[in-house]
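Summary of the model geometry
Here's the letter readout for the chains.
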Amino acid sequence: MRTRTQVGIIGAGPAGLLLQHMLARHGVDSVLVENRSREYCEKRQRAGVLEHGTVELLKEIGLGDRMMREGLLHSGIYLQFAGERHHLDFPSLTGGRTLTVYAQTEVVKDAIAAGHPIFFEVSDTAVRDIDTERPVLSFTDADGVAHEVECDAIAGCDGFHGVSRPSMPSLRVSERTYPFGWLGILATVPPSTDELIYAHSPHGFAMHSMRSPEVSRLYIQVDPDEKIDDWSDARIWEQLQIRLGHPGWTLNEGPITEKGITPMRSFVAEPMRSGRLFLAGDAAHIVPPTGAKGLNLAVADVKVLADALVRLLVEGKSDLADAYSETCLTRVWRSTWFSWYMTSMLHRFPVSSFSDPAEADFQEHLQIAQLRQVTSSEAAARNLAENYAGWPLP
Ligand code: FAD
Ligand code: DHB
């Protein structure tokens, strides 16, 4: 079946869904294809922290109502190390910026509920003719019908393992793989903390986040090749207790309803555009989760892309589209730096990741020195807070 739309979008993650919604508000029509089911997209547990700018954007585009009712407003984070726990107060350090805990699953549900055209459970997604003004998005729908959609532009929002990035003719890739992963759980137990806790410990990094007044989200650093089946609930809680433990404070335990392991890497592909194919979100870049940047970066990309495509397709001007990659990459590299900084400061690097064991000791001392600086110097704390709370959207 041959059809036509203005923008073909691949991927129903936050990037693709929010792009579709922003375009629709400007009268630009689109078709979005997703290879998973709607239920899977709405349940896949991932990010939880929304920057101030992301929250403002969701409100502005009419997707903020439930977030404003159910999202948890936070004014900072705790950093914990060497038996100390320090609070960083973001509003006073950043001139009023806060963060909101509202799960990525909920952002996805709200965007899908907006009711724009989405094909779930597609297969054989492919793009061609991207160097012409009529690129084609092809796929087979859930009923087995083959589609060819002629577009003015295609947005590759299909995450790290999608088909868009491999369709770009030439890319420069910068990459770092970290020698650890994160084991994340959802537990039915009220959060034991008022703010997120990031803990550096001799047993490895741990973090306490939350999803609601009844549900906690917690993470521990593990070896990247660990198998989730080797982690019983009792073993996970034991490690969380050891790593997050603090005098006078209790970590409450409850039933674990979900657990999974994620590897950690930094990855940036440049440029983010080739002809009429534009990459956005994890399709173009990955950051380790320690700085809570991935989702927010995906939102920033599609804000820039929506403006560029409206300008191109409604006003007939290509200036913003031509600048798209460069505009996004400034923020991408800033987030990549911040995510590397948080990751390097907070995780325990295995001795095997150094050529000389004395270097592991050196690294550990540098980490503590840096954490002391961040928790005692207002300038250092402000730098962390400004980057964590995020920069205004373009
Ligand atoms: P995705 O969410 O990956 O969406 C891509 C979509 O494309 C998927 O639905 C996929 O099924 C679909 N797709 C793939 N291939 C095809 C194809 N061939 N055809 C059709 N569809 C296809 N970020 C934060 O900002 N804050 C956090 O607190 C945070 N915590 C995280 C914790 C964890 C454990 C993890 C794993 C990530 C975390 N992130 C966080 C990162 C964040 O989740 C991602 O950056 C975000 O999902 C990127 O959105 P996206 O839309 O670009 O990609
Ligand atoms: C969450 C995830 C993160 O990567 C982070 O840095 C903070 C919170 C979360 O899932 O809540």
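Residues numbered from 1 in each chain as written. Chains lettered and ligands numbered in written order. Predicted model: local features only at pLDDT ≥ 70, side-chain atom pairs only at ≥ 80, totals over all residues. Heavy atoms only, no water.

Attention shifts here to the overall build of the protein. For the protein, the count of helices and strands is 11 helices and 21 strands. Here the C-alpha radius of gyration of the protein, 21 Å, is about what a compact globule of 394 residues would show, namely 21 Å. Each principal axis of the C-alpha distribution contributes one length, and for the protein these read about 65 × 45 × 40 Å. A burial count over the protein gives 56% of its 394 residues as buried. For the protein, the share of sequence-separated contacts (at least 6 apart) that also reach a separation of at least 24 residues comes to 71%. On the protein, roughly 16400 Å² of surface is accessible, and the fraction owed to carbon and sulfur atoms is 50%. The positive charge centre, built from 37 side chains, and the negative charge centre, built from 51, are 2 Å apart in the protein. (Helix = DSSP H or I, 4+ residues; strand = E, 2+ residues; numbered from the N terminus. Rg over C-alpha atoms; globule rule 2.2 N^0.38 Å. Buried < 20%, exposed > 50% of the residue type's maximum accessible area, 1.4 Å probe, protein only. Contact = heavy atoms within 4.5 Å. Areas by Shrake-Rupley, 256 points an atom, 1.4 Å probe, with all protein chains shown as cover. Lys, Arg positive; Asp, Glu negative; His and termini not counted. Charge placed at Lys NZ, Arg CZ, Asp CG, Glu CD.)

Before going further, it helps to examine the site of ligand 1. Near ligand 1, the surroundings consist of 33 residues, among which Glu34, Arg44, Gln104, Asp282 and Leu295 are the closest. Contacts to ligand 1 include Glu34, whose side-chain N or O atom sits 2.6 Å from an oxygen atom. Arg44 is positioned such that a nitrogen or oxygen atom in its side chain is 2.7 Å from an oxygen atom of ligand 1. Those elements giving two or more residues to the shell around ligand 1 turn out to be helix H1 (14-25), strand S17 (216-222) and helix H8 (294-313). (Near = heavy atom within 4 Å. Polar contact = N/O pair within 3.5 Å; in protein donor to acceptor, adjacent residues only side chain to side chain.)

Next up on the list: the sheet that holds strand S19 (residues 273-274). Taken in spatial order, the six strands make up an open sheet running S9-S3-S2-S13-S20-S19, and their pairing is mixed. Edge positions in the sheet fall to strand S9 (118-119) and S19, since each of these pairs with one other strand and no more. Inspection of the sheet shows strand S2 (residues 7-10) paired to strand S13 (residues 153-156) by four bridges, in the parallel sense. Looking at the pairing, Ile10 lines up with Gly156 of S13. Contacts between H1 and the sheet are confined to S2, strand S3 (30-33), S9 and S13, with S2 contributing the most and set at about 160 degrees to the helix. (Pairing = 2+ DSSP bridges. Axes fitted to C-alpha atoms, helices over the stretch in contact; angles between N-to-C directions.)

This part is about the packing of H1 against helix H6 (residues 104-113). Contact pair H1 / H6: the axes reach a minimum separation of 10 Å and the direction vectors enclose 35 degrees. Here H1 and H6 pass one another in a crossing that is left-handed. Residues Pro14, Leu17 and Leu18 of H1 pack against Gln104, Val107, Val108, Ala111 and Ile112 of H6. By residue class, the composition of the contact of H1 with H6 is seven nonpolar, one polar and no charged. (Left-handed = near helix turned anticlockwise from the far one by under 90°. Nonpolar A, V, L, I, M, F, W, Y, C, P; charged D, E, K, R; others polar.)

A few words now on the UniProt feature "domain: FAD-binding" (unreviewed entry) in the protein. Look at the UniProt record and you will see "domain: FAD-binding" (unreviewed entry) annotated at residues 4-336. Helix makes up 29% of residues 4-336 and strand 32%, whereas the separation of the span's terminal C-alpha atoms amounts to 37 Å. (UniProt positions renumbered as here; feature names shortened; annotations may be inferred.)

Turning to the pattern of salt bridges, a few remarks are in order. Following the criterion strictly, the structure yields 26 salt bridges and no others. In this structure, Arg66 engages Asp110 in a salt bridge whose closest nitrogen and oxygen atoms are separated by 3.0 Å. Taken as a pair, Arg66 in helix H4 (residues 65-70) and Asp110 in helix H6 lie far apart in primary sequence, 44 residues in all. Each member of the pair, Arg66 together with Asp110, is buried. Residues joined in a network through salt bridges with shared partners are Arg2, Arg4, Arg128, Asp129, Arg134, Glu148, Glu150 and Asp152. (Salt bridge = Lys/Arg side-chain N within 4 Å of Asp/Glu carboxyl O.)

Spatially, the three strands line up as an open sheet ordered S4-S8-S5, and their pairing is antiparallel. Single-partner strands in this sheet number two, and they are strand S4 (49-50) and strand S5 (72-74). Across two bridges, the pairing between S4 and strand S8 (residues 99-101) is antiparallel. For Val49, the partnering residue across the bridge sits in S8 and is Val101.

To continue, consider the side chain of Gln104. Looking at where Gln104 falls in the secondary structure, it is placed in helix H6. Look past the residues within four positions of Gln104 in its chain and what remains in contact with it is Pro14, Arg46, Ala47 and Leu295.

Our focus in this paragraph is unusual backbone geometry. Peptide bonds are, in most cases, trans, and in most cases residues other than glycine have a negative phi. Here the residue pair Glu270 and Pro271 is connected by a cis peptide bond, since its omega of -5 degrees sits within 30 degrees of zero. Tracing the chain through its elements places Pro271 in the loop between strand S18 (256-270) and S19. Positive phi, normally seen in glycine, also occurs at Ala292, with a value near 55 degrees. Within the element layout of this structure, Ala292 appears in the loop between strand S21 (285-286) and H8.

This part takes up the state of the cysteines. Within this structure, the stated rule accounts for zero disulfides. Summary of cysteine pairing: Cys41 is not part of a disulfide, and the nearest cysteine sulfur, belonging to Cys157, is at 13 Å. When its relative accessible area of 6% is taken as the criterion, Cys157 is described as buried. (Disulfide = S-S within 2.5 Å.)

What follows deals with the nonpolar core. Grouped together as the largest cluster of nonpolar side chains are 69 residues, with contacts concentrated most on Leu18, Leu19, Leu23 and Leu137. Ranked by residues supplied to this core, first place goes to H8 with 14 residues. Sequence-distant contacts of Leu18, that is, excluding residues within four places in its chain, are made with Leu58, Ile61, Leu63, Val107, Ala111, Val299 and Val302. Of all hydrophobic cores here, the second largest spans 38 residues; its members include Leu93, Leu99, Phe205 and Tyr341. (Core = buried A, V, L, I, M, F, W, Y, C linked by side-chain atoms within 4.5 Å.)

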